[in-house]
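# Structural overview for review
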Number of protein chains: 2
Amino acid sequence: MTQRNVNQPESAPRRTARPAAKPAPSPAQKPATIPVDLSPTTTVVRGIGRIPVTQVSPVIEGGAYAAKATVGELVPIRAKVFREGHDAVNASVIVTDPSGKETRHDMTPLAPRGLDPWEAWVRFDVEGPHTFRVEGWSDPWGTWLHNAEAKLPAGVDIELVCLEGRDLLERTASIAEEAGDPIEASILRATGQLLIPQRPAEDLLDVATGIGLAKAMAKHGPRELVSPTADYPIFVDRKQALFASWYEFFPRSEGATYDEATDTWTSGTFDSSHERLEAAAAMGFDVIYFPPIHPVGTAFKKGKNNTLDATEKDPGSPWAVGSPDGGHDAIHPDLGDWESFDRLVARAKELGVEIALDFALQASPDHPWVTEHPEWFTTRIDGTIAYAENPPKKYQDIYPINFDNDPEGIYNEVLRILRVWMDHGVRIFRVDNPHTKPVQFWAWIFEQIRATDPDVLFFAEAFTKPEMMHTLGKVGFHTSYTYFTWRVDKDEIEEYMGELSRDMDAFYRPNFFVNTPDINPFHLQSGNPAIFSIRAILAAMLSPAWGVYSGFELFEHLPLAPGREEYLDSEKYEYRPRDYDAQPNLNMLMGRLNSIRRDHPALQQLRQIDFHTAPHEKVLAFSKVDGADRVVVIVSLDPDNTVETEVHLDLTKLGLAADAALPVRDELTGATFTWGARNFVRLTPAQPAHILAVL
Amino acid sequence: MTQRNVNQPESAPRRTARPAAKPAPSPAQKPATIPVDLSPTTTVVRGIGRIPVTQVSPVIEGGAYAAKATVGELVPIRAKVFREGHDAVNASVIVTDPSGKETRHDMTPLAPRGLDPWEAWVRFDVEGPHTFRVEGWSDPWGTWLHNAEAKLPAGVDIELVCLEGRDLLERTASIAEEAGDPIEASILRATGQLLIPQRPAEDLLDVATGIGLAKAMAKHGPRELVSPTADYPIFVDRKQALFASWYEFFPRSEGATYDEATDTWTSGTFDSSHERLEAAAAMGFDVIYFPPIHPVGTAFKKGKNNTLDATEKDPGSPWAVGSPDGGHDAIHPDLGDWESFDRLVARAKELGVEIALDFALQASPDHPWVTEHPEWFTTRIDGTIAYAENPPKKYQDIYPINFDNDPEGIYNEVLRILRVWMDHGVRIFRVDNPHTKPVQFWAWIFEQIRATDPDVLFFAEAFTKPEMMHTLGKVGFHTSYTYFTWRVDKDEIEEYMGELSRDMDAFYRPNFFVNTPDINPFHLQSGNPAIFSIRAILAAMLSPAWGVYSGFELFEHLPLAPGREEYLDSEKYEYRPRDYDAQPNLNMLMGRLNSIRRDHPALQQLRQIDFHTAPHEKVLAFSKVDGADRVVVIVSLDPDNTVETEVHLDLTKLGLAADAALPVRDELTGATFTWGARNFVRLTPAQPAHILAVL
């Protein structure tokens, strides 16, 4: 659940104990306790080499943690590369894959040359731990060519230039031969023979600047004074770490029934959740996320709308984890048992989607840990266990864990619990409030999990200050909630996307949730369906990962109270079965958006996004590119009015001529147009966007 | 000499060999050859600790090189410090001095708090290698106080708050006792006894927030979960590395005489240079810098105005180092011998000034190295030694050194030469074109010199691209020429000072030369004395180090040709004795500026400078502060017109109330005024500045 600057509020008064859920099957062998080093360190090698290379990126905390990449993703590797004097400098990136194989990627100098920026975009194909280094090197070919281009037309040192050129081509031919490229070697030797001083300068220059020669030299030209940086870690995650469409629902609500006669609810179950799972999959969502499914505590249980007068009939908040039925490794008996959980996971697998579980590291006072491991909590001077507080407010239904009393014990227990769920097919965890736990605890957990199960992903529910959000990403959270939920104006969306795509991309992957059980944002509280469409389009098109908490598609929008961004009758505290086919709804739009995302690699990545000029302040225009795939999106930010404006596309950002004609197809309507640098758009509340695939 | 994007142009045709200068007395023992590691590396320790500390500064290339500080200088140490949850975080800097003694400096959280910036300004008192680390820590007192301030007024948990407070004060009293501070211990114990739950909340709060208690807790309060970063190097140089006033003259011009009968010049000497040395010292300059004083080559010698038709009567450029008379470890026989050099150094010492020597690592074709060590140059494919080129231009009077053919040989030879001059009292070298030599060569040299002679300073004549200039500073150049010479508009001066004082201060110390033998900047070419005054005032007031090449004070300004920034009849190629007392001159102003600089610590430092608003675009207003010393400078940038404007001082930048009355004295005129937030100024070409000391 979300807590911005507050502690944990959920709970539930005691109720009759139920039969304990069947304990989780233990893994074949209980792993030995792993020691916890509370001062983790990494040693990296430094210093400026013969050819200076500085400001290498992506490098996280000096190389202590791995930068982020995903399979198939283009990742920019940058550095400043320069040298003394006037000889030519050049640079390459050397990527080492998990098998130890090295691949060279030549870097390109960028403008402004005076600032010495170099860059290579590398596409990573294999999952797992990689490293990369930048090598600056002296480029004899570049030096010779520069000399030749200056001297030959001036008639200076013709003989020497030819002599040196021929020698260089001979040397390169030998390199080509050693590399098993006899054809290039022959070409190089023959070309060298063309450098005859008696020929006219323009003929010699023609030889020197030939395209074939340039290619041969780029491939085999000598590289001298090669100066490598340290090898910096970059971890290539599976694609879902970057590109995913999340759908959240409460299993207990799905198929829950109300008996008017007894005024009692019967909880939905894993088995009765199959229908919603299938519906979400049909809409193209590929990660289905459940709030905690563990036994819920009864001490200080919260009633409807977060009240303190809950009765036995209230189900309590799922985030008040733990009861006599068990803790984080147990299933709430109302939802089913391990067999039914496994059935649900198996059905998800059939549908090609994944189940993501909430991981909320806190305990209800009824959690088994409280009696078995009181040392995992804080005991106050009066002998009581400290509950959560945001003084003077108290959250007596929640005991925060004290990670410092027995790090080895609690760290290993958390690891054990994660492995229980991983063994049952859960490979994605949505971590509740990670910023209220020690950063170094997460770093340790990720180190352990990544070593054995690099496909397991962690999604940070960190709504907090920027540096903490960044740091959680740096130590290994694969993806994170974002401030998107509160970014509504054109300027703030453009600025935030700039930060995410250019400044934070090496360590932080966004997931744009349009709403959550904790956040009913003000801009949705009008209930106007157009704003729901707009926010879905923005989330799905701006970010490679987006998410929806169920009810959004039905335009649920009533706040707990005016000025509050919480839902009235929040599902956190009660059963909320829904008629998902009620009209109107956003099912079709969400499905269409997910389908467009699947069709377009440009929408599956974060780093290549550009904003374009639309004079109207309520119209956002941007393009995303990946290789040959290009998508242009124009969205109205005004749910109440028709807007008309020009849109000025900088077509060079699409790799096209500035005045190119642009045949496009609107992926929302199927209509085709020819666009150009200047275009007129008219967007309405009913049709608030164009999503244009460049044909 | 200065070369922007060109190679070395100076030279001289052969002339009759003279008797060899007496060789330098060799040091008592020739040091053993020091091996050259061409891939220098440093190992640093990394990783985020229990309390995260990130973005520590000043850290140079991950700690591979030392950040810069000077004796007496206030240096900001910054980091982001934050933690999980709601408990209080705090931070300290631990400085370790060369003797291993650690000193704690408490950090202060800055606004905006949401971005977690912390800072401590540390004044370093001892020369030599220091380290610093940042320690983030959990602050039980901060946590308790926050709780108490929230709970006591709300009447919540009064008993528990008092119990916990008393316990905390008891614990702290024990710490104070252990630290040998029994008085604070007694105060803490007694204060704890005042936390009686039955007292009114406001009385308890009064106890909790007392100033005495705050001080005692700041001193002795417990620090938990202390999380140190790596220890990062910071080198404290002698003060002259930051604060110095340079004056450059050519010894051969001082006392040079012309015999009309024979149309021949007799060179000035070290002995005839005493007068100028004394005059410069009298004007308050404290570093007297000489262009190369070595034998000058005769091969391809340059004549007047850099022409190629030099005769035997032309002295040649001092930067064409080396002749049969010797190389970099020899003295030009025309200038004198080692005895007369030693006399000049001794006189300088008496006057309290230092001699800085030019160190130009290049050779005339007549340099002894050319025959003794041809491997230190580049032999081309036709068997000739490569001269300097900027194709298609050739500079046949200069052989560049090839540092890669025999690094161990040439590195050690350079080290030997430097030690020759160091042994003769030269402790400052002005390095000619360091950006045309390998960066890692300099890093190696500085490592060797710093280990034995940490007082020896190197001044980089690097007029080149920013990254190279930065990197030369990072690997150890103590100070550098700057772009100031070409920064004339208000906006560009303000922007450049921002870069220097805030972005580059950890690795780059500026020396603002108003002119050099290579640079006769366009803005001085009018010859209007007012612009000379303005530039001197700007250089001397903006930068802790400034410099003048002689002739500036006489308003020398004629360019070699229109559109060229070189001097006509440049002293680089001929004798230029001057009548330094000719009127008008800037002698008095330069002396006054140096005197003001000596009186004001605020002007002796770089980092604490703020610009203020003057609506007039030709009026620059800034203030500098160091401790209690505050100086406000208002300068007209218009040498041709009287300017009148308001100046709006942000007095908070001076540590004063925004509406404070400001008694000031104009250090140029002695007049006193009372200034405030808004002031009127009238500046004229004759009186273009106010330099206001805040009284």
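Owing to the predicted nature of the structure, the values given are computational and were not obtained by experimental measurement.

The rules behind these values
- Residues numbered from 1 in each chain as written.
- Chains lettered and ligands numbered in written order.
- Predicted model: local features only at pLDDT ≥ 70, side-chain atom pairs only at ≥ 80, totals over all residues.
- Heavy atoms only, no water.
- Helix = DSSP H or I, 4+ residues; strand = E, 2+ residues; numbered from the N terminus.
- Buried < 20%, exposed > 50% of the residue type's maximum accessible area, 1.4 Å probe, protein only.
- Contact = heavy atoms within 4.5 Å.
- Patch = residues over 30% accessible without salt bridge, like charges linked within 9 Å, V, L, I, M, F, W, Y side chains within 5 Å.
- Areas by Shrake-Rupley, 256 points an atom, 1.4 Å probe, with all protein chains shown as cover.
- Salt bridge = Lys/Arg side-chain N within 4 Å of Asp/Glu carboxyl O.
- Lys, Arg positive; Asp, Glu negative; His and termini not counted.
- Charge placed at Lys NZ, Arg CZ, Asp CG, Glu CD.
- Buried area = accessible area lost by both parts, 1.4 Å probe.
- Pairing = 2+ DSSP bridges.
- Least-squares fit on C-alpha atoms with pLDDT ≥ 70 in both.
- Phe/Tyr/Trp six-rings, centres within 6.5 Å; stacked < 30°, edge-to-face > 60°.
- Expected span 1.5 Å × (residues − 1).
- Axes fitted to C-alpha atoms, helices over the stretch in contact; angles between N-to-C directions.
- Parallel < 35°, antiparallel > 145°, perpendicular 65-115°, else oblique.
- Left-handed = near helix turned anticlockwise from the far one by under 90°.
- Nonpolar A, V, L, I, M, F, W, Y, C, P; charged D, E, K, R; others polar.
- pLDDT = per-residue confidence, 0-100.
- Arc of directions from axis to C-beta.

Helices and strands together make up the secondary structure of chain A, namely 14 helices and 31 strands. Taken along its principal axes, the extent of the C-alpha atoms in chain A is 110 × 60 × 45 Å. For chain A, the proportion of its 695 residues judged to be buried stands at 60%. The long-range share in chain A, meaning contacts at least 24 apart out of those at least 6 apart in sequence, stands at 76%.

Looking along the chain, the bond that leaves Ala-111 of chain A and enters Pro-112 of chain A is cis, with omega of -10°. Residue Pro-584 of chain B is bonded to the preceding Gln-583 of chain B through a cis peptide linkage, with omega at -5°. The phi torsion at Asp-157 of chain A lies on the positive side, around 55°, for a residue other than glycine. With respect to the secondary-structure elements, Asp-157 of chain A resides in the loop between helix H1 (140-154) and helix H2 (158-178). In this structure, Asn-433 of chain A takes a positive phi of about 45° despite not being glycine.

On to a negative patch on the surface, then. There is a patch of like negative charges on the surface, built from Asp-489, Asp-491, Glu-495 and Glu-617 of chain A. Looking at the secondary structure, you find Glu-617 of chain A in the loop between strand E24 (609-612) and strand E25 (619-626).

With 64 residues of chain B at the interface, the matching set in chain A holds 64 residues. With both chains or domains summed, chain B and chain A bury close to 5,300 Å², and 60% of this area falls on carbon and sulfur atoms. At the surface where chain B touches chain A, the tally comes to 8 salt bridges. Notably, a salt bridge pairs Arg-50 of chain B with Asp-404 of chain A, separated by 2.6 Å at the nearest N-O pair.

What follows concerns the sheet that holds strand E2 (residues 53-57) of chain B. Residues and elements named next belong to chain B. Taken together, 4 strands build an open sheet; the order of strands is E2-E4-E8-E7 and the sheet is antiparallel. Single-partner strands in this sheet number two, and they are E2 and strand E7 (108-109). In the sheet, strand E4 (residues 74-81) pairs with strand E8 (residues 117-123) via 7 bridges, with the strands oriented antiparallel. Residue pairing across strands places Leu-74 opposite Arg-123, the latter belonging to E8.

Superposing chain B onto chain A takes a rotation of 180° plus a shift of 0.0 Å along the axis, which leaves an RMSD of 0.1 Å. Seen this way, the second copy is the image of the first under a two-fold rotation axis. When you check the interface residues of chain B against chain A, 100% turn up at the interface there too, and the contact is symmetric in its surfaces.

Further remarks concern the environment of Phe-680 of chain A. Residue and element names in this part refer to chain A. If you trace the backbone, Phe-680 turns up in strand E30 (residues 678-683). Judged by relative accessible area, which is 53%, Phe-680 ranks as exposed. Taking the C-alpha atoms as reference, Phe-680 lies 27 Å from Leu-606; in sequence the two are 74 residues apart. Each residue touching Phe-680, except ones within four places of it in the same chain, is listed here: Glu-644, Thr-645 and Glu-646.

Another point: the packing of aromatic side chains. All names here are of chain A. Under the defined criterion, the tally for this structure stands at 80 aromatic pairs over all chains. Plain terms: the ring middles of Phe-285 and Trp-546 are 5.7 Å apart, the flat faces sit at 35° to each other, and that makes the pair tilted. Note that Phe-285 is positioned in the loop between helix H6 (274-282) and strand E15 (287-290) and Trp-546 in strand E23 (residues 545-549), a separation of 261 residues in sequence. Of the two residues, Phe-285 and Trp-546, neither departs from the other in class, the shared state being buried. The rings of Phe-359, Phe-403, Tyr-411, Phe-429, Phe-441, Trp-442, Trp-444, Phe-446, Phe-458 and Phe-477 are connected pair by pair, giving a single aromatic cluster.

Residues and elements named next belong to chain A. Relative to the 20 Å expected for 14 residues at 1.5 Å per residue, helix H10 (residues 439-452) spans 21 Å between its end C-alpha atoms, a close match to the ideal helical length. Burial of H10 is extensive: 10 of the 14 residues sit out of reach of the surface. Of all the positions in H10, only Val-439, Gln-440, Phe-441, Trp-442, Ala-443, Trp-444, Ile-445, Phe-446, Gln-448 and Ile-449 are classed as buried. Turning to H10, the residues buried within the fold contact helix H9 (407-423), strand E19 (428-432), strand E20 (457-461) and helix H11 (466-475).

Here the focus is the sheet that holds strand E12 (residues 244-248) of chain A. All names here are of chain A. The parallel open sheet is built from 8 strands, whose spatial order is E21-E20-E19-E16-E15-E12-E23-E22. Each having just a single partner strand, strand E21 (479-480) and strand E22 (512-513) make up the two edges of the open sheet. Relative to E19, strand E16 (residues 354-359) runs parallel, the two being bridged by 4 bridges. Bridge assignment links Ala-356 to a residue of E19, and that residue is Ile-428.

Turning our attention to the packing of H10 of chain A against H11 of chain A. All names here are of chain A. Here H10 crosses H11 at 20°, and the two axes come no closer than 9 Å. Taken together, the axes of H10 and H11 are roughly parallel relative to one another. By crossing handedness, the relation of H10 to H11 is classed as right-handed. From H10, Val-439, Trp-442, Ala-443 and Phe-446 reach across to H11, where they touch Met-468, Thr-471, Leu-472 and Val-475. Here the contact of H10 with H11 is composed, by residue class, of 7 nonpolar, 1 polar and no charged.

For strand E7 (residues 108-109) of chain A and strand E8 (residues 117-123) of chain A, the ladder comprises 2 bridges, and the chain directions are antiparallel. Of the residues in E8 of chain A, the one forming a bridge with Thr-108 of chain A is Glu-119 of chain A.

For the rest of this paragraph, the subject is the pattern of salt bridges. Counted under the stated rule, the structure contains 97 salt bridges over all chains. Asp-397 of chain A is the partner of Lys-302 of chain A in a salt bridge, and the nearest nitrogen-oxygen pair spans 3.8 Å. Of the two residues, Lys-302 of chain A is situated in the loop between E15 and helix H7 (338-351) and Asp-397 of chain A in the loop between strand E18 (393-395) and H9; the sequence distance between them amounts to 95 residues. Overall, Lys-302 of chain A belongs to the buried group, its relative accessible area being 6%. Asp-397 of chain A sits in the buried class, given a relative accessible area of 0%. Of the charged contacts, one joins Asp-329 of chain A and Arg-416 of chain A as a salt bridge, the two residues approaching to 2.8 Å between their closest N and O atoms. A residue pair is termed long-range when its members are at least 10 positions apart, and Asp-329 of chain A in the loop between E15 and H7 and Arg-416 of chain A in helix H9 qualify at 87 residues. Overall, the relative accessible area of 21% leaves Asp-329 of chain A in the partly exposed class. One network of salt bridges, with partners in common, ties together Lys-151 and Asp-157 of chain A together with Arg-380, Glu-389 and Lys-394 of chain B.

Take the packing of helix H13 (residues 529-542) of chain A against helix H14 (residues 587-599) of chain A next. Residue and element names in this part refer to chain A. Put simply, H13 and H14 touch, their axes get as near as 10 Å, and they point 15° apart. By the angle between their directions, the pair H13 and H14 is classed as roughly parallel. You can see that H13 and H14 cross each other, and the crossing is right-handed. When H13 is examined against H14, the residues Ser-533, Ala-536, Ile-537, Ala-540 and Met-541 are found in contact with a partner set consisting of Leu-589, Leu-593, Ile-596 and Arg-597. Of the residues contributing to the contact of H13 with H14, the split by class is 7 nonpolar, 1 polar and 1 charged.

On to the confidence of the model for chain A. Residue and element names in this part refer to chain A. Looking at chain A, pLDDT values average 93 and 94% of them are 70 or higher. Contacts from residues 1-28, a stretch scored under 50 in pLDDT, to residues over four places away or in other chains number 103 contacts. Note on the complex model: pTM 0.91, ipTM 0.90.

So, on to helix H3 (residues 182-193) of chain B. Residue and element names in this part refer to chain B. An ideal rise of 1.5 Å per residue puts 16 Å on 12 residues; H3 measures up with 17 Å between its terminal C-alpha atoms. Residues of H3 that are buried include every one of Glu-184, Ala-185, Leu-188, Thr-191 and Gly-192, and no others. Angularly, the buried residues of H3 cover 130° about the axis, an arc narrow enough to put them on a single face. Facing away from the buried side of H3, by more than 90 degrees, are the exposed residues Pro-182 and Ile-183. Along its buried surface, H3 packs onto helix H2 (158-178), helix H4 (201-208) and helix H5 (211-220).

Right, let's talk about the side chain of Glu-248 of chain A for a bit. Residue placement: Glu-248 of chain A occurs in strand E12. With sequence-adjacent residues up to four places away left out, Glu-248 of chain A is seen in contact with Tyr-289, Pro-291, Phe-513, Pro-517, Val-548, Tyr-549 and Ser-550 of chain A.

Time to look at the side chain of Lys-474 of chain A. Residue and element names in this part refer to chain A. Residue placement: Lys-474 occurs in helix H11. Lys-474 sits in the buried class, given a relative accessible area of 10%. Residues in contact with Lys-474, not counting those within four places in the same chain, are Ile-60, Glu-61, Tyr-65, Ala-66, Glu-467 and Phe-507.

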